[in-house]
Amino acid sequence: MNDWDRLQQQVIQPGNCTHCGACVGLCPDLLHFQETDRGPLPHLRRAPQDTDAAELALAWSVCSGRGTPYPDIFQWLHGSLPDDWLLGPYRQVFTGYAAEPGIRRRGASGGVISRMLIHLLETGQVDGAMVLQQGYKTPERATPLIARNREEVLAAAQSVYAVTPTLTLLPEMAAFEGKLAFVGLPEQVATLRMLQAAGHPAAQKVVFVAGPYTGTNMYFGAVRAFLRSQGVSDRLAITSLQWRAGEWPGYLQVEVEDGRVFKAQKFYYNYLIPFYISRNCQIIPDFTNELTDLSVGDAWSPTFESAGGGHSVVVARTPLAVDTLAAMQTQQALELTPIEVSQALAMHGHMLDFKKRGTYIRLDWQQQRGQPIPDFGYRPAVIDRSRYRVERVISGSFAIGRWPLSRWLIARLPLGLVGPAFNTLRKTWKGLSKPTKRKGLGQTQFIVEDASDRWTELTQHASTITGVGHSDS
C-alpha cells in the first residue's frame, strides 16, 4: 500500500482529515483540494509515481489527521510534560489587549496577535508572517499568505470561521528569504511542529508560532445558509464577508452584489454550528493551541463583556513569548494583567470539556464502529458515565443537523426567529449540562499512553530530507 492509499483509507475516508493543507503543500504537482460536503479534501491531479514517494512519505508522517504525538512534542519543545493538561504548557497567563485602539478594534477580541506580529516585523525578529486573510483573492473565501508589513498584518486581522487549509503555502514559505512567524489553528500548528521535527526547510524558517483558541469551525455552506434565510439567492455573489465585524464580540456581516448588507450578532449566527460544524474540530483535543509560543482567546467574563472594547486571555508558553510580551509592555504596545491559570480555565470551561473529554468519547464511538481514529499520545484516565450521556445529546444534535432536510429547513427560517431562539436554547442547555460538563473537569487525570513509533517516524526524516516538497517546478 502506498502512502496515498494510507491517507485515503485511514484519514480521508473515515473523516479524520483536519484540512491543514500540508499534503497539498508538500505535493502541489500531485494533489489539490476540492470542496466537498465534508469540507476541502485532497484529491489526485494524476496517478502517483515513484518520483512522488518521498513527498508522500513525509505527508503521511506529518498528517495531523493521524493524530499528533503531543507528549513527544511537549518534551521536544519544553523538555517536560505540562503541569496542566487542560491548558497545556505555559509560563505566564494574562488578560489584555492591544494599546492602540485601531488595532484593538480590528482584532477578533483584543488585537494581541496582530500587534505581536507587527512588533516582530518592525523589530526585525521576523521578515514575514504567515496569516489568513478573508477576501484576499475572492470576497467570500479566506487565503493564506505571507504578510511583510503592518498594513498587510492588519488586513488579515479578525477570525475566520470557515475551514481553510493553510499549509498549502509551504512552497511560498520555502521560497521566502528570511525568518517567519506563523499563525494557525491547533491542527495546523501541530502539523507545522511535526514538519519542524522532520527537518523540513520551509517549516524551519518559522521562529515564532502564535494561534487562537479554537473551539468549533464550520464548513463554508454555513454562509450561504445564512443568506438563504435572508431571502438571498445563491446566484448573487458575495462582495464582502467579515466574521467579527464591529465592536467586540462582533457580528457576522455579509454584503452581496446588489448592495444589500446582512448582519447577525455572534451569538445569533452561532445557530449555524450544529448544521455546519466541521468534523475536524470534533476530533481534536487541543482547544487552547498548546503547541504555540503564544496563544490567545476571548476573555469571556461578565466584567469584560459589560466593559466591551475587546479583551483577550493571553498564554505565553515559551521564554521567547515571555520576553516579547515584556518588551511590548515596556513600549506600552500591550495592556496586560497577570491572572491565575484557574481564572483562564474558568473562562472556557464549556469548550475545554468539549475538547478534553468530548473528543475522546466521540473517538471511542468511532473506533467501536471499526473506523481508524487519530492517536494523540494521551487521554483522560476516566470519564464519568454521565458525561457520555451528555455527549449523546451533543453529537446527536450534530448528526441531525447534517441531514439535508435539516439544512434545508434552517436556511428558510428567518434570523429574527431562529437567532434569539437558538441563543435562548444555548443558554438553557449550558445551564442544564454545566453540572455534568464541569463535574471533575479540573481534577481530570490524563495518562500518557505507550510510546508509538510516530515520533521515530517523524525524526527519521530529519536525517534524510533534502528539499522535499518545495521544488521550483
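Residues numbered from 1 in each chain as written. Predicted model: local features only at pLDDT ≥ 70, side-chain atom pairs only at ≥ 80, totals over all residues. Heavy atoms only, no water.

Visitor: Now, about helix α21 (residues 454-462): what can you tell me, with residues and values included?
Guide: Along an α-helix, residues three or four apart share an orientation, since each turn contains 3.6 residues. Within the span of α21, buried status applies to R454, W455, L458 and H461. The arc that holds every buried residue of α21, seen down its axis, measures 125 degrees, which confines them to one face. Buried positions along α21 lie against α3 (53-62), α4 (70-78) and α9 (186-197). (Buried < 20%, exposed > 50% of the residue type's maximum accessible area, 1.4 Å probe, protein only. Helix = DSSP H or I, 4+ residues; strand = E, 2+ residues; numbered from the N terminus. Arc of directions from axis to C-beta. Contact = heavy atoms within 4.5 Å.)

Visitor: Requested: an account of α9, with residues and values cited.
Guide: Its 12 residues give α9 an end-to-end C-alpha distance of 16 Å, which sits within 8% of 16 Å, the value for a rise of 1.5 Å per residue. The element α9 is extensively covered by neighbouring structure, given that 12 of its 12 residues are classed as buried. All of the buried residues along α9 are P186, E187, Q188, V189, A190, T191, L192, R193, M194, L195, Q196 and A197. Immediately beyond the C-terminal end of α9, within one or two residues, lies G199, with a positive phi of roughly 85 degrees. (Expected span 1.5 Å × (residues − 1).)

Visitor: Just give me the short version of the environment of E457, but keep the residues and values in it.
Guide: By the secondary structure assignment, E457 is in helix α21. Along the primary structure E457 and Q92 are separated by 365 residues, whereas in three dimensions their C-alpha atoms are 33 Å apart. In this view, E457 contacts W60, S61 and R66; residues no more than four positions away in its chain are not counted.

Visitor: I'd like a rundown of the sheet that holds strand β7 (residues 206-212), residues and numbers included.
Guide: Strand order in the open sheet formed by 8 strands is β5-β4-β6-β7-β11-β12-β3-β13, with mixed pairing between adjacent strands. At either margin of the open sheet sits one strand with a lone partner, and together these are β5 (142-147) and β13 (334-338). Direction aside, neighbouring strands of the sheet carry axes that sit 25 degrees apart on average. Examined bridge by bridge, strand β4 (residues 128-134) and strand β6 (residues 180-183) share 3 bridges and lie parallel to one another. Within the sheet, the bridge partner assigned to M130 lies in β6 and is F182. Contacting β6 and β7, α9 runs over the sheet at an angle of about 160 degrees to β7. Contacting β3 (92-98), β7, β11 (294-298), β12 (312-316) and β13, helix α15 (residues 319-330) crosses the sheet at an angle of about 120 degrees to β13. (Pairing = 2+ DSSP bridges. Axes fitted to C-alpha atoms, helices over the stretch in contact; angles between N-to-C directions.)

Visitor: Tell me about the nonpolar core, and please be specific about residues and values.
Guide: M173, F182, F226, L227 and W243 are the most contacted members of the largest nonpolar core, which totals 116 residues. Broken down by element, this core gets its largest block of residues, 7 residues, from helix α17 (residues 349-368). Counting 33 residues, the second largest nonpolar core, distinct from the first, contains M116, L120, V131 and L325. (Core = buried A, V, L, I, M, F, W, Y, C linked by side-chain atoms within 4.5 Å.)

Visitor: Requested: an account of unusual backbone geometry, with residues and values cited.
Guide: Most peptide bonds are trans, and most residues other than glycine sit at a negative phi. A cis amide bond links W248 to the next residue, P249, at an omega of 5 degrees. By the secondary structure assignment, P249 is in the loop between β8 (238-245) and β9 (251-256). Positive phi values are uncommon outside glycine, yet H19 reaches one of about 60 degrees. Within the secondary structure, H19 is located in the loop between α1 (3-12) and α2 (22-26). For Q332, which is not glycine, the phi torsion reads 60 degrees and is therefore positive. Residue position: Q332 is located in the loop between α15 and β13.

Visitor: Now, about the environment of F275: what can you tell me, with residues and values included?
Guide: Residue position: F275 is located in helix α13 (residues 273-276). Beyond its immediate sequence surroundings of up to four residues, F275 is in contact with G401, R402, S406, R407 and I410.

Visitor: How would you summarise the pattern of salt bridges if you had to cite specific residues and measurements?
Guide: In total, this model carries 15 salt bridges according to the counting rule given. Measuring nitrogen to oxygen at the nearest pair gives 3.5 Å for the salt bridge that ties E35 to R141. With a gap of 106 residues between them, E35 in strand β1 (residues 31-36) and R141 in the loop between β4 and β5 connect regions that are remote in the sequence. Overall, the relative accessible area of 44% leaves E35 in the partly exposed class. What makes R141 partly exposed here is its relative accessible area of 29%. Here D298 makes a salt bridge to R244, at a shortest N to O gap of 2.9 Å. A residue pair is termed long-range when its members are at least 10 positions apart, and D298 in strand β11 and R244 in strand β8 qualify at 54 residues. In this pair, the class of D298 matches that of R244, namely buried. Within the structure, one salt-bridge network assembled from shared partners comprises D353, R357, R362, R387 and E391. (Salt bridge = Lys/Arg side-chain N within 4 Å of Asp/Glu carboxyl O.)

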